Structure formats: structure tokens, C-alpha cells
Amino acid sequence: MLRIKNLKCSYGSIVAVHGVSLSVKKGELISIIGANGAGKSTLLLAICGLLKNWEGEIVFQDKDLKGMSPPAIVRSGISMVPEGRQIFSPLSVMDNLKMGAYTMYRKGLKSQVEEDFDMVMEMFPILRERAHQLAGTLSGGEQQMLAIGRALMARPRLLVLDEPSMGLAPKIVEMIFNVITTLQSQGVTILLVEQNARAALKISHRGYVLETGKMVLQGSADELLVDDDVKRAYLGRD
Ligand code: ATP
């Protein structure tokens, strides 16, 4: 579904991603793990068109993403839940979800948007209670739910999540990971970037390890969970 070949991303003279290749098949849940500054967010920004000037190849469902604008990439079926949530703080919860549905409105699929509101509210009942509250006044966990809900409003075929567990209490993290698993079981393909490597690998089919911009290891999640180098660097103690 997604194929990345020899991707190189730079910020001026700083090379953040050095020749990375990866693939995500339809229906898979794939994790990318790595330390701070490894280049994980940069890789996701390139996929979503938010970073220009990358070299290499990013192909989604046989479509070359090179030069495509972020809205065109969303229309092609990729939605992102960005690092730090990036919700629209001065807007209500409902209006944030409507913003996520922008491409659906553009396609004239208004009745499907109503269905999608219900789907998101069922997944995150707290958002129904808070529908008219300003998004900036939500708790961190509620904001993360909103960021995921907003991404789902575009009916993505590939959902890309950048560190959804960041800064959240363990119970909320567990809930968010359950939601990610549910979405995958409903047919959404998922690319997950996480520092919480153990939790991410536990729900993934396969994983990639990114170190200082290079992909140093890949394998099934089960293999990575017992790999000595991965354990030492990313998993800590059980
Ligand atoms: P984290 O887990 O801390 O978010 P990451 O793996 O997502 O880290 P990136 O944010 O992709 O890492 O950063 C990769 C490298 O690129 C880092 O060395 C970072 O300092 C650099 N970098 C990121 N954004 C910029 C920018 N806008 N300008 C210059 N350098 C940047």
C-alpha cells in the first residue's frame, strides 16, 4: 500500500533521514521506533507532504506522492495524527471534527460526514459530552482522542500516528492503543511512530528501528520484542 525507497530528507545542511526504505501492506499495523531526533517525525512529514524537497520515492497505492500537496495526499487516503496533536484550540470539538471532514465535504459526501460524527462519538463518548467545548480547554487525553477522531473524519485508508501516547497517563495510553488495534481490525492500515516501543510493538505486525536517520533493523514485532539490541536500547526492563 505504501512503499518508501531510499528516502533522504534534509533541513538545510542537516540530513535528518538518510536513505530510508520501508513498506506497509494493506491491513498491516506497522511501528517505527527510535530515540529522540532519530528522524521519525521527519519521515512522517515527508509522507504527508508537509516536508518538501525530499529525495527518493514515496508511493501510495501506485501513486507517486512526490510534489503532491498535503490536501491532495489526504484526498488520496492518508490522514495524519500529528505529534503534539495540533488540534485547533480556539474551535469547538465539533468544529475540529468538521475540519477533519473537509475532504468529505469537498467530495459532496455530507451524509457520510454525519455517520462519521456518530462513529467518532461512539469510539470516544467523552467527545460527545464535550462537543461544544473549546478544544484548547480539553485535557491532554481528550485532545489526543480529538486528534484521532479528526483524522478519521477523512475516512483514511492509511492512518499515520506520530507518538500518540506522548505525555498521557497510563490508563489513557492503554485506551488509545486499544482504539488503534480496533481501527486496524476494522480495516484501516496503520503506521505508528512511538517512543513507547514495547506498547507499540505489542500491537504491531512488524516494526522498523530508526537510528540517527538510518533504518538499522526491521522484523516482525515478535522478533523485535526479543531482540537483544532492541531490548537494551528501547524496551528497558519488563
Ligand atoms: P522526537 O522523538 O524527539 O520527536 P524524531 O525521531 O521524530 O524525534 P525528528 O523530529 O524527525 O526526530 O528530527 C530529526 C533530526 O532533524 C533532528 O536532529 C532534529 O534536530 C532535526 N530537525 C527536525 N526538524 C528540524 C527543522 N525544522 N530544522 C532543522 N532541523 C530539524
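The rules behind these values
Residues numbered from 1 in each chain as written. Predicted model: local features only at pLDDT ≥ 70, side-chain atom pairs only at ≥ 80, totals over all residues. Heavy atoms only, no water. UniProt positions renumbered as here; feature names shortened; annotations may be inferred. Helix = DSSP H or I, 4+ residues; strand = E, 2+ residues; numbered from the N terminus. Buried < 20%, exposed > 50% of the residue type's maximum accessible area, 1.4 Å probe, protein only. Contact = heavy atoms within 4.5 Å. Near = heavy atom within 4 Å. Polar contact = N/O pair within 3.5 Å; in protein donor to acceptor, adjacent residues only side chain to side chain. Areas by Shrake-Rupley, 256 points an atom, 1.4 Å probe, with all protein chains shown as cover. Nonpolar A, V, L, I, M, F, W, Y, C, P; charged D, E, K, R; others polar. Salt bridge = Lys/Arg side-chain N within 4 Å of Asp/Glu carboxyl O. Pairing = 2+ DSSP bridges. Axes fitted to C-alpha atoms, helices over the stretch in contact; angles between N-to-C directions. Arc of directions from axis to C-beta.

Per an unreviewed UniProt entry, the protein chain goes by Amino acid/amide ABC transporter ATP-binding protein 2, HAAT family and derives from Desulfocicer vacuolatum DSM 3385. You can read under Sequence similarities (unreviewed entry) in the UniProt record for the protein chain the words "Belongs to the ABC transporter superfamily."

### Some words on the overall build of the protein chain
Of regular secondary structure, the protein chain possesses 11 helices and 10 strands. In terms of overall dimensions, the protein chain has C-alpha extents of about 45 × 45 × 30 Å along its principal axes. The 238 residues of the protein chain split such that 50% are buried. Long-range pairs, those at least 24 residues apart, make up 66% of the contacts in the protein chain between residues at least 6 apart in sequence.

### Observations concerning the site of the ligand
Around the ligand lies a shell of 13 residues, among which Asn36, Gly37, Lys40, Ser41 and Thr42 are the nearest. A distance of 2.7 Å separates an oxygen atom of the ligand from a polar atom in the side chain of Asn36. Lys40 places a side-chain nitrogen or oxygen 2.8 Å from an oxygen atom of the ligand. Here the ligand loses 62% of its free accessible area of 630 Å² to cover by the protein chains. A per-element tally of the shell around the ligand places helix α1 (residues 40-47) first, with 3 residues. Per-class residue counts for the shell around the ligand are 4 nonpolar, 6 polar and 3 charged.

### So, the pattern of salt bridges
Taken as a whole, this structure holds 8 salt bridges when the rule is applied. Between Glu115 and Arg155 there is a salt bridge, and its shortest N-O distance comes to 3.3 Å. Remark: Arg155 occurs in the loop between α7 (140-152) and β7 (158-162) and Glu115 occurs in helix α5 (residues 110-123); sequence separation between them is 40 residues. Assessed through its relative accessible area of 36%, Arg155 is described here as partly exposed. Arg130 is the partner of Glu142 in a salt bridge, and the nearest nitrogen-oxygen pair spans 3.7 Å. Of this pair, Glu142 sits in helix α7 while Arg130 sits in the loop between α6 (125-129) and α7, and the two are 12 residues apart along the sequence. For Glu142, a relative accessible area of 13% corresponds to the buried category.

### A look at the sheet that holds strand β10 (residues 214-220)
Spatially, the 6 strands line up as an open sheet ordered β6-β7-β8-β3-β9-β10, and their pairing is mixed. Every interior strand has two partners, whereas the edge strands, β6 (78-81) and β10, have only one. When strand polarity is set aside, the average angle formed by the axes of neighbouring strands in this sheet is 15°. Where strand β3 (residues 29-33) lies against strand β9 (residues 206-211), 4 bridges are found, and the strand directions are parallel. Bridge assignment links Ser31 to a residue of β9, and that residue is Gly207. In the packing of helix α8 (residues 170-185) onto the sheet, contacts are made with β3, β7 and β8 (189-194), and the angle to β8 comes to roughly 155°. Packing against the sheet, helix α11 (residues 228-235) makes contact with β3, β9 and β10, and its axis sits at approximately 65° to β9.

### Some words on α11
Among the residues of α11, those classed as buried are Val230, Tyr234 and Leu235. Buried residues of α11, viewed axially, fall in a sector of 70°; they line one side. Of the exposed residues in α11, those oriented more than 90 degrees away from the buried face are Asp228 and Arg232. If you follow the buried residues of α11, they end up packed against β3, α9 (197-203), β9, β10 and α10 (221-226). Between the side-chain oxygen at the start of α11 and the backbone nitrogen of Asp229 there is a gap of 2.9 Å, and the oxygen is on Asp227. Where α11 terminates, the next one or two residues include Gly236, which has phi positive at roughly 60°.

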